[in-house]
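Letter by letter, the chains look like this.
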Amino acid sequence: KTGTEYDFEALRLNWRRLEAFVAHPAAAVKLPLVADLFRRAATICLHTRFVDEIEEMIEEYASLRELWYFHGKIESMLFDAIMSNSQSMYALSLVRLFEEFPTCASEHAPNYRKAI
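Residues numbered from 1 in each chain as written. Predicted model: local features only at pLDDT ≥ 70, side-chain atom pairs only at ≥ 80, totals over all residues. Heavy atoms only, no water.

Draft legend 1. Structural detail: the overall build of the chain. Looking only at helices and strands, the chain features six helices and zero strands. Each helix and strand of the chain, ordered N terminal to C terminal, gives the series α-α-α-α-α-α. Split into buried and exposed, the 116 residues of the chain put 22% on the buried side. Put simply, of all contacts in the chain between residues at least 6 apart along the chain, 49% involve residues at least 24 apart. For the chain, the accessible area works out to roughly 9,500 Å², and carbon and sulfur atoms hold 61% of it. (Helix = DSSP H or I, 4+ residues; strand = E, 2+ residues; numbered from the N terminus. Buried < 20%, exposed > 50% of the residue type's maximum accessible area, 1.4 Å probe, protein only. Contact = heavy atoms within 4.5 Å. Areas by Shrake-Rupley, 256 points an atom, 1.4 Å probe, with all protein chains shown as cover.)

Pasting the structure below:
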């Protein structure tokens, strides 16, 4: 069908709640007994994301924001690229990489925004 909207977020949230409940040490169900179920449910949750969150997943997988944690190394690579004639063509791409970093700041940690 075209134009049909699917929303499996509630399913994924309920599964995460059940995972947390079963993973608790006081739970009556032991983890080795349900390991196969956990693997299958994780696969189902991933596949439901393919259905209703494909745009978010593409953005997540294509994002370079995680490289923020290596910004020191990237800065040194940029400096080396600027100083080296053979690598100067990479300098602009490294500068463009730094444009991704402001999106790493979270509203939960506003003190990082100034540093970024």
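Draft legend 2. Structural view of the pattern of salt bridges. All told, the structure shown has seven salt bridges when counted by the stated rule. Its salt-bridge partner being D36, residue R39 comes within 3.9 Å of it at the nearest N-O pair. Pair noted here: R39 and D36 are both in helix α2 (residues 31-52), with a separation of three residues, about one helical turn. Between E53 and R49 there is a salt bridge whose closest N-O contact spans 2.9 Å. One salt-bridge network, held together by shared partners, links R12, R49, D52, E53 and E60. (Salt bridge = Lys/Arg side-chain N within 4 Å of Asp/Glu carboxyl O.)

Draft legend 3. The arrangement of the packing of aromatic side chains in detail. Within this structure, the stated rule accounts for two aromatic pairs. Seen from their ring centres, Y6 and F8 are 6.2 Å apart, and the 5 degrees between their planes marks the pair as stacked. Ring geometry for W15 versus F38: centroids 5.4 Å apart, planes at 70 degrees, classification edge-to-face. In this pair, W15 sits in helix α1 (residues 9-23) while F38 sits in helix α2, placing the two residues 23 residues apart along the sequence. Taking relative accessible area as the criterion, F38 reaches 17% and is therefore assigned buried. (Phe/Tyr/Trp six-rings, centres within 6.5 Å; stacked < 30°, edge-to-face > 60°.)

Draft legend 4. Representation of the packing of helix α4 (residues 71-83) against helix α5 (residues 91-98). Taken N-terminus to C-terminus, the directions of α4 and α5 make an angle of 155 degrees; their axes are 9 Å apart at the nearest point. It follows that α4 is roughly antiparallel to α5 by the angle criterion. Crossing geometry of α4 relative to α5 is assigned as left-handed. On α5, the residues that touch H71, I74, E75, M77, L78, A81 and I82 of α4 are A91, L94, V95, L97 and F98. Each residue belonging to the contact of α4 with α5 can be placed in one class, and the counts come to ten nonpolar, one polar and one charged. (Axes fitted to C-alpha atoms, helices over the stretch in contact; angles between N-to-C directions. Parallel < 35°, antiparallel > 145°, perpendicular 65-115°, else oblique. Left-handed = near helix turned anticlockwise from the far one by under 90°. Nonpolar A, V, L, I, M, F, W, Y, C, P; charged D, E, K, R; others polar.)

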